[in-house]
Structures are given as structure tokens and as C-alpha cells.
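# Structural overview for review
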Amino acid sequence: MEKLEMLYEGKAKKIYSTEDTDKVIVEYKDDATAFNGEKKGQISEKGKLNAKISTIFFELLEEKGIPTHLVEQLNETDVLTKKLDIILVEVVMRNIAAGSIAKRLGLEEGTELKKPVLEFYYKSDELGDPMINEYHIYAEELATKEELDMIKDLAFKINEILVEFLADKGIDLVDFKLEFGKGADGQVYLGDEISPDTCRFWDSKTKKKLDKDRFRRDLGEVEGAYQEILRRLEA
Ligand code: C5P
């Protein structure tokens, strides 16, 4: 499948049309941004690493019965996916307090949450992705009740699958972000990516951060952390 027209360029990916109108090619870039685009940089090899890491996670989820947009990885940076009409709600799942929840609730980073926490954010660069709840979603008609029930159910299932899979690799899944969309058949699919750009991964023993927080917080060894995640996923 060939890339035709570039339909969209995001912060970390480009999306191209293909001869099949129901499918697109996602090209992963080395560009890195944080704090809603205020901090910009490049992480060498990130495109290749995230394309592979995300494909491994999506294949695992497909195997476990989660409907995802994945069709197949085409080459090092390009992945063929179903074309989705993206639902403008970002879903964050958390198992351990870090980042914005630690700040918001005054929790020490690393505090284990007694139950997984699901949060919704309105996907809007202009507004800086504000946190919203179900009522905002219905008031703004971002998703129907049926779609949102499906999304919540999938998010908790995905969390369970990933926590178990990663624990086996010596990785704590602290939190992560998911995006969903509707396919040509009207069904809800998991879209976007699952990678160190969109998850917090900590080494289970040392608690070393193996994700984009190394870039956000200038901790160094950013590429090495992404490589370490891929190495463990492939082990
Ligand atoms: O910043 P915060 O603690 O709310 O982030 C929670 C999780 O969601 C982190 O793993 C972060 O990488 C991810 N996230 C994301 N894209 C955003 C916001 C958060 O991937 N726009």
C-alpha cells in the first residue's frame, strides 16, 4: 500500500490517504513536544521505536479481543490502519499517581491508587486539552452514551491487559492515554498509539522513568529509555 496525499500532520505523526478509502498510513516522526507544544525537540530514532512499540501493544490487544485500528506495520516508521473518525475525548487511565493527578490531588508521585482512575480530557490543542466529565461529553455531543459506555469498558480492559503484560517485563504501568474513533462500519475502535510518548513506564525495581517524562523533565537518556522499552517488549 502506497502513501498518497498527506491528510494531517500532528505533533508526532503524519497521516496519509491510500488507494483504499477506509485505510490510512500513519508515519511516526522523531519530533517530540511537551506541555501542549511549548517544548519542542527531536528524539533520534523515536519514529521507528514508537511505530514498533505501538504495533506490539496493538497486536497484543487485538489478540485479547480489543477492536483496534491496526492493520499491519508496513516498514520501520509506517503503519497501515483503519481510517477512524476520531472521537475528541482523550481517555487517561491511571494506576499510580504521577503528573497532573499528583499535582491536582496533592499526592506524592508514586502513590499507588487503590483502584484504577479513568479521566476524560477534551482533545483540543487550542484549549490545552481541558479535563471534562461525562456530562460535558453529552452536552457537547462528543460521543453518545452507547459509545462512551463502550469506551470505558475497553479502557479498563486494556488497562488490565497491559498491566499484566508489562509486570512480566519488569515495568510498572503508571498511567497512559488512549484515543478512540469510529470506523467506516460505525463501530468504536482503539486508535492513535500506545508508546513511551503516551504512557508512563517505570522500571518495577528501580522506579527509573522509561518514557517521555525524561524529555519533559530534561532527565537525559531519552532515546535509551525508549530502546529499553522495546528491548523488554521483544524479550
Ligand atoms: O500529564 P498527565 O499526568 O495528565 O498525563 C497522564 C498520561 O497521559 C501520561 O502517560 C501522558 O503521557 C499521557 N498524555 C498524553 N497526551 C496528552 C496528555 C497526557 O499522551 N495530551
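Residues numbered from 1 in each chain as written. Predicted model: local features only at pLDDT ≥ 70, side-chain atom pairs only at ≥ 80, totals over all residues.

## Looking at the overall build of the protein
Put simply, the rule reads: Segments assigned H or I by DSSP are reported as helices when at least four residues long, segments assigned E as strands when at least two residues long, and all are numbered from the N terminus. Here exposure depends only on C-beta density: within 10 Å of a residue's C-beta, 20 or more other C-beta atoms make it buried, 12 or fewer make it exposed, and intermediate numbers make it partly exposed, the C-beta atoms being placed from the backbone. C-beta atoms are first placed from the backbone for all residues, and any pair lying within 7 Å is then listed as a contact.
Secondary structure assignment for the protein yields six helices and 13 strands. Dimensions of the protein, computed from C-alpha atoms along their principal axes, come out at roughly 50 × 40 × 35 Å. The buried share among the 235 residues of the protein stands at 36%. The contacts of the protein with a sequence gap of at least 6 include a subset with a gap of at least 24, amounting to 53%.

## So, the nonpolar core
Short version of the rule: The nonpolar core is taken to be a set of buried Ala, Val, Leu, Ile, Met, Phe, Trp, Tyr and Cys residues joined by way of C-beta atoms within 7 Å. What counts as a domain boundary in this text is fixed by an automatic or database domain assignment.
Judged by nonpolar contacts, the single largest core of 45 residues is most densely connected at V91, I151, A155, L173, L178 and F201. When residues of this core are traced back to their parent elements, those giving at least two are α1 (46-63), β8 (85-96), α4 (145-167), β11 (171-182), β12 (188-190), β13 (199-203) and α6 (222-234). Among the elements that line this core, the one with the most residues is α4, at seven residues. Split by domain, this core shows at least three residues from each of two domains, domain 1 (6-82) and domain 2 (86-221). In this view, A155 contacts V91, M93, L118 and L178; residues no more than four positions away in its chain are not counted. One finds V24, I25, Y28 and V79 within the second-largest nonpolar core, a separate group that totals seven residues.

## Let's talk about the site of the ligand
This is how it is decided: Near residues are defined by distance alone, with the backbone-placed C-beta atom required to lie within 6 Å of the molecule or strand. Under the scheme applied, nonpolar residues are Ala, Val, Leu, Ile, Met, Phe, Trp, Tyr, Cys and Pro; charged residues are Asp, Glu, Lys and Arg; polar residues are all the others, including Gly.
The full set close to the ligand counts 13 residues, and G99, S100, K177, T198 and R200 are the nearest of them. Contributions of two or more residues to the shell around the ligand are made by β8, α2 (99-105), β11 and β13. Of the residues in the shell around the ligand, the class split is four nonpolar, three polar and six charged.

## Some remarks on the sheet that holds strand β6 (residues 70-73)
Here is the rule we go by: Strand pairing is assigned whenever DSSP detects at least two bridges linking the two strands. Comment: axis = line fitted to C-alpha atoms, over the contacting stretch for helices; angle = value between 0 and 180 degrees taken between N-to-C directions.
Strand order in the open sheet made by the five strands is β1-β2-β3-β7-β6, with antiparallel pairing throughout. Each edge of the open sheet carries a strand with a single partner, namely β1 (6-9) and β6. Ignoring which end each strand starts from, the neighbouring axes of this sheet average 25° apart. Of the pairings in the sheet, the one linking β6 to strand β7 (residues 78-82) comprises three bridges and is antiparallel in character. Note that in β7 the partner of Q73 across the bridge is V79.

## Topic: the domain arrangement of the protein
Domain assignment breaks the protein into domain 1 (6-82) and domain 2 (86-221). Using only C-alpha atoms to locate each centre, domain 1 and domain 2 end up separated by 17 Å. On the side of domain 2, 23 residues touch domain 1, which itself brings 21 residues to the contact.

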